[in-house]
Amino acid sequence: MNKFALGLLAGLCLILPASAQLLINGAGATFPQPIYSKWFDEYAQVDPSVRFNYQGIGSGGGQKQILSETVDFGASDGPMSDENIARAPRTLWHVPTVAGAVVISYNLPGDPALRLDGQVLADIFLGKVTKWNDPAIAGQNPGANLPNQDIIVVHRSDGSGTSYIFTDYLSTVSPEWKQKVGKNTAVNWPTGLGGKGNAGVAGQVKQSSGAIGYVELAYARQNHLPYAAMKNAAGRYVPASIDSVVAALAAATIPEDFRFSMVNSPGAAAYPIAGATWILVYQHQKDSAKGEKLVAFLKWAFTDGEKMAAKLDYAPLPAAIQARVLARVNQIQF
């Protein structure tokens, strides 16, 4: 065999494995994007024949794309409404993956350690509390050097499960917020600036003195932003952590369809602005090859993948919930 033929054969050997890779597309929430990215990278070592392409476009976008079947799976931090689920062409399941904290980040001179309750937080985002040295804030932070500075509210500009968790919490603790704004992946914000994705909000807060915003815990830590200890349902100020999110998850009631809220959970150790995140997947997979690979990945995620959660600032599912989720994954048909 001549050199040209050998070179051609070698080239084909390199091309064939890559072309044989099955591409599975997903889109949705930015809240779990750090851990999903880690899972996809790790799983490439487990099964090199499959590759995942995930676009963090927000939970609202993830819900829309799975309903239109332009992706193989969606992702959302807010459970879909009955109305949206009814629009699905066939049975669409919520599969919870991990839980996390939505933290209240801020940018103030000296980075004081703040404590806030739900009522003052709602009033800030309603535009009623507008100065950092307002008595409603100062009263909860004796000794803190709070400036006579305007509060710059930052919220999500896209449809967002992080917004769903945040507005679900505010609706729970503030009757005025519930009546005037409500809870959803996108709401009519009474005041503030918009940022796209958790990264966009974190970036706005980081560059704007006097800003306050809500982001997933990992984004606050990655951007070195301080975040407030929040007063929980038991009356204690609790910082966001893996343990305080696990405590909130442990107190949650989880129905058969896995759509649940865990904001303002009871218990002294529970962090109040916490939520689960879900992969949205059809029970009956149209593409059998993709369906088989997606199910294999999900089985891995709910065993080996869950062990990686804490290092990335997420709370893994408790063993009992993992078992329930795995049972549901085993019912996906391809």
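Every value quoted in this text rests on a predicted model; they were computed, and no experiment measured them.

1. Points about the sheet that holds strand β9 (residues 229-231)
Ordered in space as β5-β9-β10, the 3 strands form an open sheet in which the pairing is mixed. Across the chains shown, the open sheet's two edge strands, defined by having one partner strand only, are β5 (115-116) and β10 (237-238).

2. With respect to the packing of helix α2 (residues 33-46) against helix α12 (residues 288-301)
Look at α2 against α12: their axes get within 11 Å of each other, and the N-to-C directions meet at 110 degrees. Here α12 runs roughly perpendicular to α2, going by the angle between their axes. Remark: the crossing between α2 and α12 carries right-handed chirality. Touching Trp-39, Phe-40, Glu-42, Tyr-43 and Val-46 of α2 are Ala-296, Phe-297, Trp-300 and Ala-301, all from α12. Here the residues of the contact of α2 with α12 are counted per class, giving 8 nonpolar, no polar and 1 charged.

3. Description of the side chain of Thr-97
In this structure, Thr-97 sits in strand β4 (residues 92-106). For Thr-97, the side chain forms a polar contact with the side chain of Tyr-36, separated by 2.8 Å. With residues up to four places along the chain from it excluded, the contact list for Thr-97 reads Tyr-36, Trp-39, Thr-277, Ile-279, Phe-302, Glu-306 and Leu-317.

4. So, the confidence of the model for the protein
In this model, the protein carries an average pLDDT of 92, and 94% of its residues clear a pLDDT of 70 or more. With pLDDT under 50 throughout, residues 8-19 is counted as low confidence; its partners more than four residues away or in other chains account for 1 contact.

5. Observations regarding empty space enclosed by the protein
If you walk through the whole model with that rule in mind, you get 1 cavity of 30 Å³ or more. Taken as a whole, the largest cavity holds about 60 Å³ of empty space. Along its surface, the largest cavity is lined by 13 residues, and Tyr-164, Ile-165, Asp-168, Phe-260 and Ser-261 are the ones closest to its centre. Mapped onto the lining of the largest cavity, the elements with two or more residues apiece are α7 (161-173) and β11 (274-282). The biggest single contributor to the lining of the largest cavity is β11, with 4 residues.

6. Some points on the packing of aromatic side chains
Tallying each qualifying case throughout the model produces 23 aromatic pairs. Judged by centre distance (6.3 Å) and plane angle (65 degrees), the rings of Phe-31 and Tyr-314 are edge-to-face. In this pair, Phe-31 is assigned in the loop between β1 (22-28) and α2 and Tyr-314 in the loop between α12 and β12 (315-316), connecting sequence segments 283 residues apart. Accessibility expressed as a relative area gives 0% for Phe-31, which makes it buried. Note on Tyr-314: relative accessible area 0%, which makes it buried. Following the ring pairs from residue to residue traces out a cluster consisting of Tyr-36, Trp-39, Phe-40, Tyr-43, Phe-52, Tyr-54, Phe-73, Phe-297 and Trp-300. Between Arg-115 and the ring centre of Tyr-237, over which it is positioned, the NZ or CZ distance is 4.1 Å. Taking the ring centre of Trp-93 as reference, the NZ or CZ of Arg-328 above it sits at 4.7 Å.

7. Things to note about the nonpolar core
Among the nonpolar cores identified, the biggest contains 103 residues, and Ile-104, Leu-121, Phe-125 and Ile-212 are the most heavily contacted of them. If one sorts the elements of this core by residue count, β4 sits on top with 10 residues.

8. Thoughts on α7
The end-to-end C-alpha distance of α7, which contains 13 residues, comes to 18 Å, matching closely the 18 Å that a straight helix rising 1.5 Å per residue would cover. Burial analysis of α7 places 11 of its 13 residues in the buried class, which makes it a mostly covered element. For α7, every residue scored as buried is listed here: Gly-161, Thr-162, Ser-163, Tyr-164, Ile-165, Phe-166, Thr-167, Asp-168, Tyr-169, Leu-170 and Ser-171. Sitting at the head of α7, Ser-160 places a side-chain oxygen 3.0 Å from the backbone nitrogen of Thr-162.

9. So, the pattern of salt bridges
In the structure shown here, the tally under the stated rule is 16 salt bridges. Among the ionic pairs, Arg-90 bridges to Glu-69, the shortest N-O distance being 2.8 Å. With Arg-90 in the loop between α4 (82-86) and β4 and Glu-69 in the loop between α3 (59-68) and β3 (73-76), the pair connects residues that are 21 residues apart, well separated along the chain. The exposure class assigned to Glu-69 is partly exposed, which follows from its relative accessible area of 27%. Here Lys-307 and Asp-304 are joined by a salt bridge, their closest N and O atoms 3.5 Å apart. Taking relative accessible area as the criterion, Asp-304 reaches 34% and is therefore assigned partly exposed. Residues joined by salt bridges that share partners form a network here, namely Asp-123, Lys-128, Glu-176 and Lys-180.

Calculation notes
Residues numbered from 1 in each chain as written. Predicted model: local features only at pLDDT ≥ 70, side-chain atom pairs only at ≥ 80, totals over all residues. Heavy atoms only, no water. Pairing = 2+ DSSP bridges. Helix = DSSP H or I, 4+ residues; strand = E, 2+ residues; numbered from the N terminus. Axes fitted to C-alpha atoms, helices over the stretch in contact; angles between N-to-C directions. Parallel < 35°, antiparallel > 145°, perpendicular 65-115°, else oblique. Left-handed = near helix turned anticlockwise from the far one by under 90°. Contact = heavy atoms within 4.5 Å. Nonpolar A, V, L, I, M, F, W, Y, C, P; charged D, E, K, R; others polar. Polar contact = N/O pair within 3.5 Å; in protein donor to acceptor, adjacent residues only side chain to side chain. pLDDT = per-residue confidence, 0-100. 1 Å grid on protein atoms, 1.4 Å probe; cavity = no way out; pocket = protein on both sides within 12 Å on 5 of 7 lines; lining within 4 Å. Points joined across faces, edges and corners; volume = space filled by probe spheres on them. Phe/Tyr/Trp six-rings, centres within 6.5 Å; stacked < 30°, edge-to-face > 60°. Buried < 20%, exposed > 50% of the residue type's maximum accessible area, 1.4 Å probe, protein only. Lys NZ or Arg CZ within 6 Å of the ring centre and 35° of its normal. Core = buried A, V, L, I, M, F, W, Y, C linked by side-chain atoms within 4.5 Å. Expected span 1.5 Å × (residues − 1). Salt bridge = Lys/Arg side-chain N within 4 Å of Asp/Glu carboxyl O.

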